[in-house]
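One letter stands for each residue in the lines below.
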Amino acid sequence: TQLLEQSPQFLSIQEGENLTVYCNSSSVFSSLQWYRQEPGEGPVLLVTVVTGGEVKKLKRLTFQFGDARKDSSLHITAAQPGDTGLYLCAGATSWGKLQFGAGTQVVVTP
Amino acid sequence: DSGVTQTPKHLITATGQRVTLRCSPRSGDLSVYWYQQSLDQGLQFLIHYYNGEERAKGNILERFSAQQFPDLHSELNLSSLELGDSALYFCASSEDVWNEQFFGPGTRLTVL
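Not measured: the values here are computed from a predicted model.

What counts, and where the lines are drawn
Residues numbered from 1 in each chain as written. Chains lettered and ligands numbered in written order. Predicted model: local features only at pLDDT ≥ 70, side-chain atom pairs only at ≥ 80, totals over all residues. Heavy atoms only, no water. Helix = DSSP H or I, 4+ residues; strand = E, 2+ residues; numbered from the N terminus. Rg over C-alpha atoms; globule rule 2.2 N^0.38 Å. Buried < 20%, exposed > 50% of the residue type's maximum accessible area, 1.4 Å probe, protein only. Contact = heavy atoms within 4.5 Å. Areas by Shrake-Rupley, 256 points an atom, 1.4 Å probe, with all protein chains shown as cover. Buried area = accessible area lost by both parts, 1.4 Å probe. Salt bridge = Lys/Arg side-chain N within 4 Å of Asp/Glu carboxyl O. Polar contact = N/O pair within 3.5 Å; in protein donor to acceptor, adjacent residues only side chain to side chain. Nonpolar A, V, L, I, M, F, W, Y, C, P; charged D, E, K, R; others polar. Pairing = 2+ DSSP bridges. Disulfide = S-S within 2.5 Å.

J.: Tell me about the overall build of chain A, and please be specific about residues and values.
T.: Looking only at helices and strands, chain A features 0 helices and 11 strands. Sequence-ordered secondary structure for chain A, helices as α and strands as β, is β-β-β-β-β-β-β-β-β-β-β. Computed over its C-alpha atoms, the radius of gyration of chain A comes to 13 Å, within 12% of the 13 Å expected for a compact globule of 110 residues. C-alpha atoms of chain A, sized along the principal axes, occupy 40 × 30 × 20 Å. Expressed as a percentage of its 110 residues, the buried residues of chain A come to 47%. Taking contacts inside chain A between residues at least 6 apart in sequence as the whole, the part at least 24 apart equals 52%. When the accessible surface of chain A is totalled, it reaches about 5100 Å², and 49% of it is carbon and sulfur.

And the structure:
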(Lines give C-alpha, C1' and ligand atoms only; values in the text may rest on other atoms or scores of the structure.)
Protein backbone atom coordinates (compact mmCIF):
# COMPACT_ATOMS: atom_id res chain seq x y z
CA THR A 1 0.00 0.00 0.00
CA GLN A 2 1.32 3.40 -0.94
CA LEU A 3 0.84 5.64 2.06
CA LEU A 4 0.72 9.42 2.00
CA GLU A 5 1.53 11.22 5.21
CA GLN A 6 0.44 14.79 5.68
CA SER A 7 1.80 17.21 8.23
CA PRO A 8 0.83 18.96 10.29
CA GLN A 9 -2.57 17.47 11.10
CA PHE A 10 -3.89 20.82 12.28
CA LEU A 11 -2.79 24.39 11.70
CA SER A 12 -4.32 27.50 13.21
CA ILE A 13 -2.99 30.88 12.10
CA GLN A 14 -3.93 34.54 11.98
CA GLU A 15 -5.02 36.27 8.80
CA GLY A 16 -2.01 37.53 6.87
CA GLU A 17 0.40 34.82 8.04
CA ASN A 18 2.00 32.24 5.77
CA LEU A 19 1.66 28.48 6.09
CA THR A 20 3.05 25.32 4.54
CA VAL A 21 1.48 21.87 4.41
CA TYR A 22 3.56 18.81 3.60
CA CYS A 23 2.69 15.55 1.89
CA ASN A 24 5.25 12.73 2.00
CA SER A 25 5.45 9.17 0.78
CA SER A 26 8.02 6.44 0.34
CA SER A 27 6.42 5.61 -3.01
CA VAL A 28 6.58 7.29 -6.38
CA PHE A 29 3.36 8.63 -7.85
CA SER A 30 2.63 9.36 -11.49
CA SER A 31 0.89 12.54 -10.39
CA LEU A 32 -0.26 14.20 -7.22
CA GLN A 33 -3.38 16.24 -6.66
CA TRP A 34 -4.28 18.74 -3.96
CA TYR A 35 -7.87 19.22 -2.84
CA ARG A 36 -9.61 21.48 -0.35
CA GLN A 37 -12.69 20.19 1.42
CA GLU A 38 -15.21 22.07 3.53
CA PRO A 39 -17.44 20.32 6.11
CA GLY A 40 -20.14 18.16 4.53
CA GLU A 41 -19.00 18.90 0.99
CA GLY A 42 -16.97 17.10 -1.63
CA PRO A 43 -13.25 17.77 -2.12
CA VAL A 44 -12.54 20.51 -4.65
CA LEU A 45 -9.54 20.05 -6.90
CA LEU A 46 -6.94 22.80 -6.54
CA VAL A 47 -4.06 21.56 -8.67
CA THR A 48 -2.40 18.54 -10.25
CA VAL A 49 1.39 18.22 -10.37
CA VAL A 50 2.96 15.69 -12.69
CA THR A 51 6.63 16.42 -13.30
CA GLY A 52 9.31 15.99 -10.64
CA GLY A 53 10.47 19.39 -9.43
CA GLU A 54 7.38 21.09 -10.81
CA VAL A 55 6.14 24.29 -9.17
CA LYS A 56 2.64 25.61 -9.79
CA LYS A 57 1.15 28.84 -8.53
CA LEU A 58 -2.52 29.54 -8.05
CA LYS A 59 -2.87 33.12 -6.80
CA ARG A 60 -1.53 32.97 -3.20
CA LEU A 61 -1.08 29.18 -3.28
CA THR A 62 2.21 27.61 -4.40
CA PHE A 63 2.47 23.87 -4.99
CA GLN A 64 5.72 21.93 -5.35
CA PHE A 65 6.28 18.34 -6.45
CA GLY A 66 9.49 16.77 -5.23
CA ASP A 67 12.21 15.84 -7.71
CA ALA A 68 11.64 12.14 -7.01
CA ARG A 69 7.84 12.51 -7.23
CA LYS A 70 7.42 11.17 -3.70
CA ASP A 71 6.55 14.34 -1.85
CA SER A 72 4.80 17.63 -2.28
CA SER A 73 4.12 20.85 -0.43
CA LEU A 74 1.47 23.51 -0.45
CA HIS A 75 2.43 27.03 0.63
CA ILE A 76 -0.16 29.72 1.24
CA THR A 77 0.99 33.33 1.37
CA ALA A 78 -0.92 35.91 3.39
CA ALA A 79 -3.65 33.49 4.40
CA GLN A 80 -7.24 34.69 4.51
CA PRO A 81 -10.26 33.32 6.42
CA GLY A 82 -11.55 31.94 3.10
CA ASP A 83 -8.55 29.61 3.02
CA THR A 84 -9.97 27.71 5.99
CA GLY A 85 -10.62 24.08 5.17
CA LEU A 86 -9.27 20.56 5.07
CA TYR A 87 -6.39 20.26 2.62
CA LEU A 88 -5.92 16.81 1.14
CA CYS A 89 -3.15 15.49 -1.04
CA ALA A 90 -3.79 12.46 -3.21
CA GLY A 91 -1.40 10.37 -5.26
CA ALA A 92 -2.51 8.67 -8.45
CA THR A 93 -1.84 4.93 -8.39
CA SER A 94 -2.86 2.11 -10.71
CA TRP A 95 -5.83 2.75 -12.99
CA GLY A 96 -5.95 6.34 -11.80
CA LYS A 97 -7.31 5.57 -8.33
CA LEU A 98 -6.31 8.10 -5.74
CA GLN A 99 -4.52 7.33 -2.49
CA PHE A 100 -5.39 10.14 -0.08
CA GLY A 101 -3.48 11.52 2.86
CA ALA A 102 -5.33 12.04 6.13
CA GLY A 103 -5.52 15.78 5.52
CA THR A 104 -4.42 18.98 7.21
CA GLN A 105 -7.12 21.06 8.86
CA VAL A 106 -6.28 24.74 8.36
CA VAL A 107 -8.05 27.45 10.35
CA VAL A 108 -7.41 31.09 9.52
CA THR A 109 -8.83 33.55 12.01
CA PRO A 110 -9.44 37.23 11.22
CA ASP B 1 -20.15 23.12 -8.81
CA SER B 2 -18.07 20.22 -10.14
CA GLY B 3 -20.76 18.98 -12.50
CA VAL B 4 -20.98 15.66 -10.67
CA THR B 5 -24.33 15.02 -9.02
CA GLN B 6 -25.15 12.59 -6.24
CA THR B 7 -28.46 11.58 -4.72
CA PRO B 8 -29.69 11.46 -2.10
CA LYS B 9 -27.85 14.09 -0.08
CA HIS B 10 -28.72 12.39 3.22
CA LEU B 11 -29.86 8.88 4.02
CA ILE B 12 -30.87 7.54 7.41
CA THR B 13 -31.59 3.85 7.73
CA ALA B 14 -31.43 0.95 10.15
CA THR B 15 -28.95 -1.86 10.56
CA GLY B 16 -29.55 -4.77 8.24
CA GLN B 17 -31.13 -2.65 5.54
CA ARG B 18 -30.04 -2.06 1.95
CA VAL B 19 -29.59 1.29 0.22
CA THR B 20 -28.63 2.54 -3.23
CA LEU B 21 -26.59 5.66 -3.84
CA ARG B 22 -26.65 7.28 -7.24
CA CYS B 23 -24.04 9.29 -9.12
CA SER B 24 -24.16 11.12 -12.43
CA PRO B 25 -20.73 12.02 -13.80
CA ARG B 26 -19.78 15.23 -15.56
CA SER B 27 -20.91 15.35 -19.15
CA GLY B 28 -18.43 13.45 -21.30
CA ASP B 29 -16.62 11.71 -18.44
CA LEU B 30 -16.28 7.96 -18.86
CA SER B 31 -14.76 7.09 -15.48
CA VAL B 32 -16.61 6.98 -12.17
CA TYR B 33 -14.88 6.37 -8.85
CA TRP B 34 -16.51 5.72 -5.47
CA TYR B 35 -14.91 6.75 -2.18
CA GLN B 36 -15.90 6.40 1.46
CA GLN B 37 -14.95 9.02 4.02
CA SER B 38 -15.20 8.30 7.71
CA LEU B 39 -13.69 10.12 10.66
CA ASP B 40 -11.25 7.35 11.53
CA GLN B 41 -10.32 6.16 8.03
CA GLY B 42 -10.23 9.31 5.96
CA LEU B 43 -11.03 9.10 2.25
CA GLN B 44 -10.80 5.52 1.02
CA PHE B 45 -11.08 4.35 -2.56
CA LEU B 46 -13.82 1.75 -3.08
CA ILE B 47 -14.21 0.99 -6.78
CA HIS B 48 -13.65 2.39 -10.27
CA TYR B 49 -15.76 1.94 -13.40
CA TYR B 50 -14.75 2.96 -16.88
CA ASN B 51 -17.33 3.08 -19.65
CA GLY B 52 -19.49 0.47 -17.97
CA GLU B 53 -16.75 -1.92 -16.91
CA GLU B 54 -15.19 -2.42 -13.51
CA ARG B 55 -11.51 -1.42 -13.63
CA ALA B 56 -10.22 -1.44 -10.09
CA LYS B 57 -11.31 -2.40 -6.61
CA GLY B 58 -10.08 -0.95 -3.38
CA ASN B 59 -11.20 -1.52 0.18
CA ILE B 60 -14.75 -2.43 -0.76
CA LEU B 61 -16.67 -4.87 1.41
CA GLU B 62 -18.40 -7.87 -0.13
CA ARG B 63 -21.71 -6.41 1.12
CA PHE B 64 -21.13 -3.48 -1.22
CA SER B 65 -21.46 -3.55 -4.98
CA ALA B 66 -21.59 -1.05 -7.78
CA GLN B 67 -22.37 -0.77 -11.44
CA GLN B 68 -22.16 1.76 -14.23
CA PHE B 69 -25.00 1.93 -16.69
CA PRO B 70 -24.95 2.62 -20.47
CA ASP B 71 -25.78 6.27 -19.84
CA LEU B 72 -22.66 6.31 -17.61
CA HIS B 73 -24.42 7.04 -14.34
CA SER B 74 -23.38 4.76 -11.51
CA GLU B 75 -25.00 3.24 -8.46
CA LEU B 76 -23.40 1.99 -5.27
CA ASN B 77 -25.42 -0.64 -3.43
CA LEU B 78 -24.82 -1.19 0.26
CA SER B 79 -26.51 -4.14 1.91
CA SER B 80 -26.77 -5.71 5.39
CA LEU B 81 -25.84 -2.33 6.74
CA GLU B 82 -23.90 -2.02 9.98
CA LEU B 83 -23.36 0.92 12.29
CA GLY B 84 -19.80 1.19 11.03
CA ASP B 85 -21.01 1.85 7.49
CA SER B 86 -22.12 5.32 8.54
CA ALA B 87 -19.97 7.69 6.51
CA LEU B 88 -19.87 10.14 3.66
CA TYR B 89 -19.86 8.44 0.27
CA PHE B 90 -18.43 10.37 -2.66
CA CYS B 91 -18.28 9.66 -6.30
CA ALA B 92 -15.82 11.32 -8.61
CA SER B 93 -15.60 11.35 -12.35
CA SER B 94 -12.85 11.91 -14.86
CA GLU B 95 -12.64 12.14 -18.62
CA ASP B 96 -10.60 8.97 -18.93
CA VAL B 97 -8.56 6.91 -16.46
CA TRP B 98 -5.55 9.08 -15.67
CA ASN B 99 -7.21 12.46 -15.85
CA GLU B 100 -8.07 14.68 -12.92
CA GLN B 101 -10.99 13.56 -10.78
CA PHE B 102 -13.88 15.85 -9.88
CA PHE B 103 -15.93 15.03 -6.82
CA GLY B 104 -19.64 15.19 -6.24
CA PRO B 105 -21.21 16.69 -3.11
CA GLY B 106 -21.51 13.30 -1.42
CA THR B 107 -24.20 11.26 0.29
CA ARG B 108 -24.18 11.20 4.07
CA LEU B 109 -25.29 7.77 5.23
CA THR B 110 -26.36 7.29 8.83
CA VAL B 111 -27.07 3.76 10.02
CA LEU B 112 -28.99 3.60 13.30
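J.: So what's going on with the interface of chain B and chain A? Residues and values would help.
T.: Across the contact, 21 residues belong to chain B and 20 residues belong to chain A. Across the chain B/chain A interface, buried area totals approximately 1600 Å², and carbon plus sulfur atoms make up 61% of it. Counting every contact that joins chain B to chain A gives 0 salt bridges. Counting every contact that joins chain B to chain A gives 4 residue pairs in polar contact (both at pLDDT 80 or more). Counting residues per element, the ones that place at least two in the side of chain B that touches chain A are strand S4 (31-38), strand S5 (42-50), strand S6 (53-57) and strand S10 (102-103) of chain B. A class-by-class count of the residues in the side of chain B that touches chain A yields 11 nonpolar, 5 polar and 5 charged.

J.: Help me get a handle on the pattern of salt bridges, residues and values and all.
T.: All told, the structure shown has 5 salt bridges over all chains when counted by the stated rule. Residue A:Asp83 is joined to A:Arg60 by a salt bridge in which the shortest nitrogen-to-oxygen separation is 2.9 Å. Placement of the pair is A:Asp83 in the loop between strand S8 (71-76) and strand S9 (85-92) and A:Arg60 in the loop between strand S6 (55-58) and strand S7 (61-65), with a sequence separation of 23 residues. Take A:Asp83: its relative accessible area is 4%, and that puts it in the buried class. Here the residues in one salt-bridge network are B:Arg63, B:Glu82 and B:Asp85, joined through shared partners.

J.: Explain the pairing of S8(A) residue by residue, including any values.
T.: Residue and element names in this part refer to chain A. Pairing of strand S3 (residues 19-24) with S8, which is carried by 6 bridges, proceeds in the antiparallel orientation. Directly across from Cys-23, in S8, lies its bridge partner Ser-72. Bridge count for S7 against S8 is 5 bridges, and the pairing is antiparallel. Among the inter-strand pairings, Leu-61 is bridged to a residue of S8, identified as Ile-76.

J.: Report on the environment of B:Gly104, specifying residues and quantitative values.
T.: Mapped onto the elements of the fold, B:Gly104 is located in the loop between S10 and strand S11 (107-111). Taking C-alpha positions, B:Gly104 is 4.7 Å from B:Val4, a pair spaced 100 residues apart along the chain. Sequence-distant contacts of B:Gly104, that is, excluding residues within four places in its chain, are made with A:Gly42, B:Ser2, B:Val4, B:Gln6, B:Phe90 and B:Cys91.

J.: Give me the state of the cysteines: which residues, what numbers.
T.: A covalent bond between the sulfur atoms of two cysteines is referred to as a disulfide. Here the structure, examined in full by the defined rule, presents 2 disulfides over all chains. Across the disulfide, A:Cys23 is cross-linked to A:Cys89 (sulfur-sulfur distance 2.0 Å). Because the torsion about its S-S bond is 80°, the bridge between A:Cys23 and A:Cys89 counts as right-handed. Linking A:Cys23 in strand S3 with A:Cys89 in strand S9, this pair joins segments that are 66 residues apart in sequence. Relative accessible area serves as the criterion here: at 0%, A:Cys23 is assigned to the buried category. Since its relative accessible area comes to 0%, A:Cys89 is described here as buried. Between the sulfur of B:Cys23 and that of B:Cys91 lies a disulfide, 1.9 Å long from S to S. The disulfide joining B:Cys23 to B:Cys91 has a torsion of about 70° about its S-S bond and is therefore right-handed. Note that B:Cys23 is positioned in strand S3 (residues 19-24) and B:Cys91 in strand S9 (residues 87-94), a separation of 68 residues in sequence. Owing to a relative accessible area of 0%, B:Cys91 belongs among the buried residues under this scheme.

J.: Residues and numbers for the side chain of A:Glu54, please.
T.: All names here are of chain A. Here Glu-54 lies in the loop between strand S5 (44-49) and S6. Engagement of the side chain of Glu-54 in a polar contact is seen with the backbone nitrogen of Val-50, the distance being 2.7 Å. Here Glu-54 is in contact with Thr-48, Val-49, Phe-63, Gln-64 and Phe-65, once residues within four sequence places are set aside.

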